Amino acid sequence: MKNEVVFVAFRKLGLSGRGKVTPGFFMPIFEEVLSTYGVACRHYWADEFAAEHRNHPDAVVVLIYNEVQFTLDAALRQEVEEVERLATNGNRLIIHETAVGRVVADKVLTNQKLQNAGVSVPRLVSSARAPFTVFSNVNIGTAEPVQLLKAGAELDPSRYNTEFVDTRRLFKNRPYYVYLRAMCVGPVCVSITVRARPTDENDPSVHGSDMPLDAELVNHLHSRIVAPQEPAINDICKRIGMLFGTGFFSHDILPTNDAATTLFVCETGFKFDEDGFRVRFEPLKEQIPSHDFVGAMHRASHAFLAQVRESGFLLPGGCRAGN
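No experiment lies behind these values; they were computed from the predicted model shown. (Residues numbered from 1 in each chain as written. Predicted model: local features only at pLDDT ≥ 70, side-chain atom pairs only at ≥ 80, totals over all residues. Heavy atoms only, no water.)

Considerations on the environment of Val218
Part 1 of the argument: Note on placement: Val218 falls in helix H7 (residues 215-244).
Part 2 of the argument: Taking the C-alpha atoms as reference, Val218 lies 27 Å from Phe30; in sequence the two are 188 residues apart.
Part 3 of the argument: Those residues in contact with Val218, other than ones at most four positions away along the chain, are Val194, Met211, Phe281, Ile288, Ser290 and His291. (Helix = DSSP H or I, 4+ residues; strand = E, 2+ residues; numbered from the N terminus. Contact = heavy atoms within 4.5 Å.)

Quick look at the nonpolar core
Part 1 of the argument: Judged by nonpolar contacts, the single largest core of 88 residues is most densely connected at Val5, Phe7, Leu180 and Phe304.
Part 2 of the argument: Dropping the residues within four chain positions of it, Val5 is found in contact with Phe30, Leu34, Val39, Ala40, Cys41, Arg42, Val60, Val62, Phe304 and Leu314.
Part 3 of the argument: Core analysis: the next-biggest nonpolar cluster, separate from the first, contains 10 residues, Phe164, Tyr177, Val206 and Phe264 among them. (Core = buried A, V, L, I, M, F, W, Y, C linked by side-chain atoms within 4.5 Å. Buried < 20%, exposed > 50% of the residue type's maximum accessible area, 1.4 Å probe, protein only.)

Digging into the packing of helix H1 (residues 23-35) against helix H9 (residues 293-310)
Part 1 of the argument: Remark: H1 packs on H9, axes separated minimally by 9 Å, with the N-to-C direction vectors making an angle of 50°. Between H1 and H9, the angle is such that the two are oblique. As for the relative orientation of H1 and H9, their crossing is right-handed in sense. When H1 is examined against H9, the residues Phe25, Phe26, Ile29, Phe30, Val33 and Leu34 are found in contact with a partner set consisting of Phe293, Val294, Met297, His298, Ser301, His302, Phe304 and Leu305.
Part 2 of the argument: Split by residue class, the contact of H1 with H9 holds 11 nonpolar, three polar and no charged. (Axes fitted to C-alpha atoms, helices over the stretch in contact; angles between N-to-C directions. Parallel < 35°, antiparallel > 145°, perpendicular 65-115°, else oblique. Left-handed = near helix turned anticlockwise from the far one by under 90°. Nonpolar A, V, L, I, M, F, W, Y, C, P; charged D, E, K, R; others polar.)

A word on the pattern of salt bridges
Part 1 of the argument: Applying the stated rule across the entire model yields 20 salt bridges.
Part 2 of the argument: Residue Glu163 pairs with Arg123 through a salt bridge whose shortest N-O separation is 2.9 Å. Here Arg123 lies in the loop between helix H6 (107-116) and strand S5 (134-137) and Glu163 lies in strand S7 (residues 160-163), a separation of 40 residues in the sequence.
Part 3 of the argument: A relative accessible area of 27% means that Glu163 is categorised as partly exposed.
Part 4 of the argument: When salt bridges with common partners are traced through the structure, they connect Arg197, Glu201, Asp203 and Asp210 into a single cluster. (Salt bridge = Lys/Arg side-chain N within 4 Å of Asp/Glu carboxyl O.)

See the structure below:
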């Protein structure tokens, strides 16, 4: 049936795809927006889709899976690939193809692909010893311990070793490691949030859970880094979107702390919404204008619909325009 989007989840990962989407937050907004365009949404587990896929020959099929788990778990990989194979039989557009999943799960491969696409990335280090300060992370995986290695240190070639990008910024005389997260649908950036971690914690790896619950700090970093760099960030997202196509992504960006503020993309991956970060900052939402998470989901929904239509899928229908 034309004008429907089919989401396929995998029981092994749950409805969230293990950290990829917050069903109770994202789906109601997405479905509401698409309904105004006459587009229906269906939801299946992988085994259910296998039995029902012939009933949706023209659908847009969105695969909800964790790209790292897909890469590390052979049984899951086989299941996702089978759904993709079934979805390919027919006039369907597949979102989050496994060819893209394999790239974004692998930090070295992502780095190389982005560099070839004209996106600035941290310089890869392939030597046996560090020629300068090196940031070393697992190549496939998330939230794993990182290492900051001085020049001359021995390097493990199986890890993601790059030149250390100094992102330290001062706020009230306290330095913080900083990175930016751009949430995108294909080439369209729908939100940019900033994360920071005090350097006195002696860990240069920053996560959403490391950001102090301090609205003044968030607003300061947003005004000093995000706002001036928004055009450049949008250009980065456009380049990555042209490379990977339509899909829901998060791009993690390192802003240097020099006058030029060069932006380096260190990681990317499938991500529908800000989940834990949004929930954590919910008590401060009235104090942080840049934390427009609901608005971001509306923008994401409209952007998704526009892109799949440009690809020749989904009929125009009797619908209103949206931003």
